[in-house]
Amino acid sequence: MSESFAPYSKYPNPENEFNYDWAVPEYPQPSPFEFNTETPARAIRDIRDYPSFNTSDRVNAKVAIPRNAQPSSLASSGRVSRACENCREQKAKCSGHRPACHRCLDASVPCLYGDRKREKMVKQLNDLTTRVETFDALIRDLYPKLDASSAQRVDQTLRELNARTPLSQVISRTPVSALFTNPSGHINQSVISSRADASPISIPSGVVDYTEEDFNRDEKVQATGFVGEHSEMAWLYRLKRDLDHNSKQIKETPGRPSISSVNYFQDDSEILVLDDIDLACRPPQQIANRLVDTYFHVVHPTFPIIGKAIFLNQYRSFYANPDVRPGKRWIIVLNLVFSIAARHSFLVDQPQPNCDDHQTYFARAWRLNGGSLLRDHPDLQQAQVEGLAAFYLLSVGQVNRSWRLIGIAIRSAVAMGLNIRSESESMTPFSKELRYRVWWALFMLDITLCKMTGRPPGTGDTFCSTPLPLPFAEEEFWDRRVMQLITDQRTRRAFLTSLIFDTMAASPKESMAPRPPEQQEPGKGKQEERPSQTGAENLTPNSSLYFLYAVDLAHLLREAINILYAPREMRQSWHEIEAAVSTLNNHADNWLSRLPAEFDFTTLDTTHQFLQHRASLAFQFYATKLIILQPCIRRPSQQSSEASSPGTVCDQMAALCVYTAGQMLELLPEEPDSTWLYGVAPWWCILHNIMQSTTILLTELFTHTHIGSTKAVDITKKINKATRWLKEMSAKDLSAQRAWLVCIDLLSQHGSRFGFGVDTEF
């Protein structure tokens, strides 16, 4: 800190600021010792600077040692090596004495040399830094507890302070945690330094640890329930609320709409369970064969909840021997398979003649299940029943009920230890592998519902050691090479690592997939290399390999949700959020780079045998990227322009988010085609995917795009395409009809200023 000293007369008392243990003697005595050769007759200024020989008035007097003897150069040249700050400013000759020169003693002002001045500045700066950090922590702690007006006042004050003098230019930020490191293990300093002008107080975008909703207020709100920050419904609700708030017409409307006002799913409608239904009825075998084939073609590759080979053998035996009475839970599983397949047939407009509808099959299964949820202890079939029922509810738009039921299925699976690797000697390796797949199928369904509802995942890697699924069909499990992978965990781990090593090793917290303890023992790395390389090279792509990569990508999505959207992460600074977004986005790109050519959805081949698998991975990939990048597109609307100047990482990630939303819609044919939609795309969550990308584009159009610009025209075309698809889907899906109405309502109120033409005819 630079101090400017006024003339000496203005500082009569040096004790106002400094208190040194020296004093000017009132009666200086002459001394034969004088070090300043230029002033031989000068009186001694400080009696303690020289030895005293008069000891008559003291007992045991000690000889005082001169504190600062002048260097020999002073006697010869009369110049001192360093003048004090006062003499330098006055351009006067300094005696060079310490702790105070003669001029400062005469003027009774503090005498400071350069080193002491720097020490004072450092101390004051450290004190200032401590105070700022204390206030920073205090604001972070109090901010979530403030009401809306107080929070706005804090935001405004911080923006004004940052506009004057950004404190980040004075005080260095705390280094980003090692959690957000690049694949090489080093912190991405380029990401951190690019935000040097960011606000020192950063409230994470959209992440809060409280709710303003009363979810018990009425039946409609109860049916929707809590919707978390990584759901597109939360993004859409926030956009609609902000636009309505800026509209004078809406401002006059009392009350505040609930998030259920933008819920386009069917949770508020009842599930019809008929009482007078024949529980023993079964469809003709020809119809049953079509339904079973449909199920294993459109559902089983992504959600292998039941073992295909075992189920088909039991199914053939059931129809070949009408007198055979299988267990009740197997009959429930069969009816749930029929209900899911019948639902899909209804959507593609291919109903089976003389066949019950999907609601009848589900009602029969539900009635047969009865009170088993509470009365009976779970077994493997019960977990399968709960998982299949959760998928059916998802397919008919009952997302809230589906999420609750998949939670029960996860608990049933954990109760049977499916989340733990099995070493049981009484269980065949074939059975172990099938149980592993049941666990990962429930995991996939849980993650799908997690991103749709914005709720926390029901599974975690901390208490999971279940090996990742092997990329082989069930018919190959008895092959000698495959059996070695099933029985030898080290060989299995090495083989899977060779397939998805980059994604697993480079993931946040290095927990992309469970790692059995024995795989972490030292000295085993070289033993694992040979089988991993030869096995991976000879692998033929199949549906099981697709499932492995889908599970691996779902792990990344779960990590992104935990890092970016968990309420406990709200205390992160924007530097940390930005670094996490950049790192997670790189991990997603690494996953794509490791994808086999047969599943590479970036190519334009529309006749490939794995077209359905490609489309499913593509929508899952872009949905994961949007959840990772979404905090950046909301950041500019929350912070001042100074906090996010053009060219920063935040701007780049926001632009990438908008581009990714457009890429997802590019997966759809230009003209709506229901056959492609329900035959190729992941039909169980395609509405969620379309609304997710459309909400991002609407946010960009209404908040960050200039009217009439080329960018606005391009975004408008994409939104028009999305609404055409929603309108086409509305003919068969009530959830799609609601979603179309929500978008049309938003566009009709606010799209006119962008020249957006809205087709409101249905």
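The structure we're discussing is the one just above.
All figures in this text were calculated on a predicted structure; none of them were measured in a lab.

**Student:** I tried to follow the overall build of the protein chain on my own but got confused; where do I start?
**Tutor:** Counting its regular elements, the protein chain contains 28 helices and zero strands. Put simply, the protein chain has 762 residues, and 51% of those count as buried. The contacts of the protein chain with a sequence gap of at least 6 include a subset with a gap of at least 24, amounting to 75%. Summing over all exposed atoms, the protein chain offers an accessible surface of approximately 37100 Å²; the carbon and sulfur share of this is 52%.

**Student:** For this particular structure, what's the right way to read the nonpolar core?
**Tutor:** Most often, soluble globular proteins keep nonpolar side chains buried together rather than apart. Counting residues in each nonpolar core, the largest one holds 170 residues, and the members touching the most others are Tyr295, Phe311, Leu388, Leu677, Trp683, Leu687 and Ile690. If one sorts the elements of this core by residue count, helix H21 (residues 543-564) sits on top with 15 residues. Membership of the second largest hydrophobic core comes to 12 residues, among which are Cys87, Ala100, Leu105 and Ala107.

**Student:** Before we go on, may I ask you to explain H21 in this structure?
**Tutor:** Along its 22 residues, H21 runs 31 Å from first to last C-alpha, staying within 8% of the 32 Å computed at 1.5 Å per residue. Most of H21 is tucked away, with 20 of its 22 residues classed as buried. At the N-terminal end of H21, a side-chain oxygen is found 2.8 Å from the backbone nitrogen of Ser544, two or three residues along, and the residue is Asn542.

**Student:** So what exactly am I meant to see when it comes to the pattern of salt bridges here?
**Tutor:** Pairs can form between side chains of opposite charge once their charged atoms are near each other. Scanning the entire structure with this criterion turns up 13 salt bridges. With a shortest N-O distance of 2.5 Å, Arg329 and Asp379 are connected by a salt bridge. You can see Arg329 sitting in helix H12 (residues 328-347) and its partner Asp379 sitting in the loop between helix H14 (372-375) and helix H15 (380-395), a full 50 residues away along the chain. Of the residues examined, Arg329 reaches a relative accessible area of 11% and is grouped as buried. Here Asp379 falls in the partly exposed class, since its relative accessible area comes to 31%. Arg421 is paired through a salt bridge with Glu423; the nearest N and O atoms lie 2.3 Å apart. You can call Arg421 buried: its relative accessible area is 16%. Using a relative accessible area of 53% as the deciding quantity, one classes Glu423 as exposed. Where salt bridges share partners, they join Glu670, Lys721 and Arg724 into one cluster.

**Student:** Just checking my understanding: could you explain a nonpolar patch on the surface for this structure?
**Tutor:** A cluster of nonpolar residues, Phe135, Leu138 and Leu142, forms a patch on the protein surface that exposes about 280 Å² of accessible area. The topology assignment puts Leu138 in helix H4 (residues 114-142).

**Student:** Please clarify how H12 should be interpreted in this entry.
**Tutor:** A turn of α-helix holds 3.6 residues, and therefore any two residues three or four places apart point the same way. Taking 1.5 Å of rise per residue, 20 residues should cover 28 Å, and H12 covers 29 Å from first to last C-alpha, within 8% of that figure. In terms of burial, H12 is largely enclosed, as 18 of its 20 residues are buried. Taken from the residues just after H12, Asp349 is the one with a positive phi, measuring 65°.

**Student:** Explain the packing of aromatic side chains here, please?
**Tutor:** Going through the model one piece at a time under the given rule, you end up with 26 aromatic pairs. When the ring of Phe318 is compared with that of Tyr319, the centres are 5.4 Å apart and the planes differ by 90°; the resulting orientation is edge-to-face. Both residues of the pair, Phe318 and Tyr319, belong to the buried class. Feature note: the residues Tyr295, Phe296, Phe311, Tyr315, Phe318, Tyr319 and Trp330 constitute an aromatic cluster, connected by ring pairs. Above the face of the Trp403 ring, Arg455 is positioned so that its terminal group lies 4.6 Å from the ring centre. Over the face of the ring belonging to Phe346 we find Lys732, whose NZ or CZ atom lies 4.8 Å from the ring centre.

**Student:** Explain the side chain of Ser544 to me, please; I cannot follow it from the model alone.
**Tutor:** Assignment of secondary structure puts Ser544 in helix H21. Only 3.3 Å separates the side chain of Ser544 from the side chain of Arg437, close enough to count as a polar contact. Setting aside chain neighbours within four positions, we find Ser544 in contact with Arg437, Leu470, Pro471, Phe472 and Ala473.

**Student:** Could you clarify how one ought to interpret unusual backbone geometry in this entry?
**Tutor:** Across residues other than glycine, the phi torsion is negative in most instances, and most of the peptide bonds are trans. In this structure, Lys91 is a non-glycine residue whose phi angle is positive, near 55°. With respect to the secondary-structure elements, Lys91 resides in the loop between helix H2 (85-90) and helix H3 (102-107). If you check the backbone angles, Ser108 has positive phi at about 55° while not being a glycine. Residue position: Ser108 is located in the loop between H3 and H4. Take Ser108: its relative accessible area is 27%, and that puts it in the partly exposed class.

**Student:** Whenever I open this one, the packing of helix H24 (residues 649-666) against helix H26 (residues 686-703) confuses me. Can you help?
**Tutor:** The description of two packed helices rests on the angle between their axes and on the distance between the axes. At a closest axis distance of 9 Å, the pairing of H24 and H26 adopts a crossing angle of 140°. Viewed along their axes, H24 and H26 adopt a mutual orientation that is oblique. Here the hand of the crossing between H24 and H26 comes out left-handed. In this structure, H24 uses Cys657, Val658, Ala661, Gly662, Met664 and Leu665 to contact H26, whose residues at the interface are Asn689, Ile690, Gln692, Ser693, Ile696, Leu697 and Glu700. A breakdown of the residues in the contact of H24 with H26 according to their chemical character gives eight nonpolar, four polar and one charged.

**Student:** What's the story with the packing of H21 against helix H22 (residues 574-593) in this structure? I'm lost.
**Tutor:** The interhelical angle for the contact between H21 and H22, taken along N-to-C directions, is 175°, at an axis separation of 11 Å. Here H21 lies roughly antiparallel to H22, going by the angle between them. Of the residues in H22, those touching H21 at Tyr549, Asp552, Leu553, Leu556, Ala560, Ile563 and Leu564 are Ile577, Ala580, Val581, Leu584, His587, Ala588 and Trp591. Here the residues of the contact of H21 with H22 are counted per class, giving 12 nonpolar, one polar and one charged.

Calculation criteria
- Residues numbered from 1 in each chain as written.
- Predicted model: local features only at pLDDT ≥ 70, side-chain atom pairs only at ≥ 80, totals over all residues.
- Heavy atoms only, no water.
- Helix = DSSP H or I, 4+ residues; strand = E, 2+ residues; numbered from the N terminus.
- Buried < 20%, exposed > 50% of the residue type's maximum accessible area, 1.4 Å probe, protein only.
- Contact = heavy atoms within 4.5 Å.
- Areas by Shrake-Rupley, 256 points an atom, 1.4 Å probe, with all protein chains shown as cover.
- Core = buried A, V, L, I, M, F, W, Y, C linked by side-chain atoms within 4.5 Å.
- Expected span 1.5 Å × (residues − 1).
- Polar contact = N/O pair within 3.5 Å; in protein donor to acceptor, adjacent residues only side chain to side chain.
- Salt bridge = Lys/Arg side-chain N within 4 Å of Asp/Glu carboxyl O.
- Patch = residues over 30% accessible without salt bridge, like charges linked within 9 Å, V, L, I, M, F, W, Y side chains within 5 Å.
- Phe/Tyr/Trp six-rings, centres within 6.5 Å; stacked < 30°, edge-to-face > 60°.
- Lys NZ or Arg CZ within 6 Å of the ring centre and 35° of its normal.
- Axes fitted to C-alpha atoms, helices over the stretch in contact; angles between N-to-C directions.
- Parallel < 35°, antiparallel > 145°, perpendicular 65-115°, else oblique.
- Left-handed = near helix turned anticlockwise from the far one by under 90°.
- Nonpolar A, V, L, I, M, F, W, Y, C, P; charged D, E, K, R; others polar.

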